[in-house]
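Descriptive analysis of the structure
The chain contents come next:
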Amino acid sequence: MPIGRHRFPYARSVRRASTWGLLLGLALPGPTAHGQSTAAAPSPARQTGPAAPVALTVDASAKGPTISRHLFGQFAEHLGRGVYEGVWVGPDSLIPNTRGMRNDVVAALKALKVPNVRWPGGCFADEYHWRNGIGPVAERRATLNPNWGGVIEPNTFGTREFMDFADQIGADAYLSVNVGSGTPHEAADWLEYLTTAQPTALAREREANGHQAPYRIPFLGIGNESWDCGGNMSPEYYLSQLRIYSRFVRNFNPAQQQGSGQMLKIAVGPGGDGPRWTEWTETIMKAYKARQWSWDMQGLSMHQYTVVRWPPAYKSVGFGETEYAQILKSTLEMDGLIAKHAAIMDKYDPEKKVALVVDEWGAWYAKLPDTPEGFLEQQNSLRDGILAALNINIFARHADRVRMANIAQMVNVLQAMILTQKDKMVLTPTYHVFKMYVPFQDATFVPVTFAAGTYTAGAITLPRVDAIAARDASGTVWLALTNLDPTKPAEIAATVSGVAARTAAGETLTAPAVDSVNTFEAPATVAPRPATAVVQGGRVSITLAPKSVTVLAVRP
Ligand code: AHR
């Protein structure tokens, strides 16, 4: 939709969404299905007095879809200090590094068990020519990055460096190929260069550049936002490109991690709410249904930022409860947007073969003062940790269709996991939430029913609590509980069946204020602390701190 268009030199447009309340057929319908859609009637004024306890029912024997680990994917674009400084300092740097990658950042990301990293963009991808980023570093051509500050792109971080970085953190590669200003030939060559084991000229070039074995590329994005920075294409025009790229851009390495040895091809999808975007999804999915053998896709991308107003005006630190509530309200619109596009996909793909891939999401605020235009630098507060938990919960409830997501972006850009300043690094509240949620990666979704109640701030009414549950391969049941209310604790009484619960313990993330942040001087203001629940006769009871995210392991 673009809710607005911002024509500063490196302009971007942004999209937003609406709401829904179904739980993918997994949760029970009606007033106890899922907090967000079953909140009690909004109260016009701020609640006073003690809030009623929240009763949760968790049936751990019910079998839902797998919550793919790829929902916890990251996005690293050549943008501002995201790659250069954030990840790459070069082998000659005084900052401890391994082949140019900063060791502190790599270690922190390894602990997150990052499943995949999307690279090189973003808008950057549709102006990226891979040949500029291979071969001896000293011989690489410097180019420009017109989307993001117009700075020089030295191309020192190229294909080999990205693949090495992904390897160092243990993540899969999700490459976006250039459709906007590239050609199918260029993209096909890149994939051959990367993946063939046969002694072709491109494979020999790869070997000469230091990598003999073919790489694995499990995920391939065919273009990025082709309706805007990726080439201003109509859905029909993009479709014609998709057909061609999808046909000719091949992966020659059978040793792919995705079951069938296949590389999953992800088409550009919608960027928000409104007829423009439903038409886009319709066009691609209709063609998918009618396609013949010679082209295919396994994913449809969707981008959805939490921004409220364009250009981004909300502050990332130094805000109050009103802005807290407004941003959370906006972020919850992700649910309705997924529902809307998933319903269109169901029409053409009832077997849900095509994944909805939310490969750009997160909060987009006003840039921090004194940071360059186009670098998208913002702080990351407790509000962002809560926002991350709410979105992950939404993705998990849609896990039958949403099988991959990538938060924007990994380091120093937008809703980052990590901020760096020279040799210093700080972990953000969003990082901590991603870490607390690691046990949900590839766990089985378990339905939770509850009446969320409401939290009201001025004219805004939100669910008071949110919750999801999952069972991992060892049989442990994981409960993620969020208390959105910034002033009142929430008493939770969860009846857990399907596991003989004896203990429930984990971690809670909260902080003194909704806008509490971690800084280089005070890096642990927002940090997880141990949490223990009382377990009695299959009942798990815990009081959630105001404005908090808690993850508990419920064990026999
Ligand atoms: O994440 C920043 C930018 O937002 C990406 O480059 C683009 O795809 C989106 O509009």
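So, here's what we can say about the structure. (Residues numbered from 1 in each chain as written. Predicted model: local features only at pLDDT ≥ 70, side-chain atom pairs only at ≥ 80, totals over all residues. Heavy atoms only, no water.)

**Topic: the state of the cysteines**
Cysteine pairs can be linked by a disulfide, which is a covalent bond between their two sulfur atoms. To be explicit about the condition: Put simply, a disulfide is two cysteine sulfurs that come within 2.5 Å. Counting from the N terminus, the helices are the DSSP runs of H or I reaching at least four residues and the strands are the DSSP runs of E reaching at least two. Categorising residues by exposure relies on relative accessible area from a 1.4 Å probe, with only protein chains included: less than 20% of the type maximum marks a residue as buried, more than 50% marks it as exposed, and the intermediate range marks it as partly exposed.
One pass over the structure, following the stated rule, counts 1 disulfide. Here C123 pairs with C229 through a disulfide, and the sulfurs are 2.2 Å apart. Between C123 and C229, the S-S torsion sits near -90°, and that sign places the bridge as left-handed. Residue C123 is located in the loop between β8 (116-119) and β9 (143-145), and its partner C229 is located in the loop between β12 (219-222) and α6 (235-248); the two are separated by 106 residues in the primary sequence. An identical accessibility class is assigned to C123 and C229; each is buried.

**Topic: the packing of aromatic side chains**
Inclusion rule: Only centres within 6.5 Å qualify two rings of Phe, Tyr or Trp (six-membered ring in Trp) as a pair; their planes then separate them into stacked at under 30 degrees, edge-to-face at over 60, and tilted for everything else. Think of it as a cone above the ring: NZ of Lys or CZ of Arg counts as a charge over the ring if it is within 6 Å of the ring centre and within 35 degrees of the ring normal.
Evaluated as defined, the whole model comprises 19 aromatic pairs. On the numbers, 5.1 Å between centres and 45° between planes, the contact of W130 with Y193 is tilted. Of this pair, W130 sits in the loop between β8 and β9 while Y193 is found in helix α4 (residues 184-195), placing the two residues 63 residues apart along the sequence. Judged by its relative accessible area of 4%, Y193 is buried. In textbook terms, an aromatic cluster arises when at least three aromatic residues are bridged by ring pairs, as seen for W88, W119, F124, Y128, W130, F157, F162, W190 and Y193. Residue placement shows R291 over the ring face of Y288; its charged tip is 4.0 Å from the ring centre. Over the aromatic face of F319 sits the side chain of R383, whose NZ or CZ is 3.6 Å from the ring centroid.

**Some thoughts on the nonpolar core**
Taken as a class, soluble globular proteins show a tendency for nonpolar side chains to be buried jointly. In plain terms, the rule: In these notes, a set of buried Ala, Val, Leu, Ile, Met, Phe, Trp, Tyr and Cys residues joined through side-chain atoms within 4.5 Å is what counts as a nonpolar core. Contacts are assigned to residue pairs that have any heavy atoms within 4.5 Å of one another.
Counting residues in each nonpolar core, the largest one holds 121 residues, and the members touching the most others are F157, F165, W190, M297, W361, Y437 and F440. Considering every element that reaches this core, the biggest residue donor is helix α10 (residues 382-397), with 10 residues. When residues no more than four places from it in sequence are discounted, the contact partners of Y437 are F72, A389, I392, N393, I468, A480, V549 and V551.

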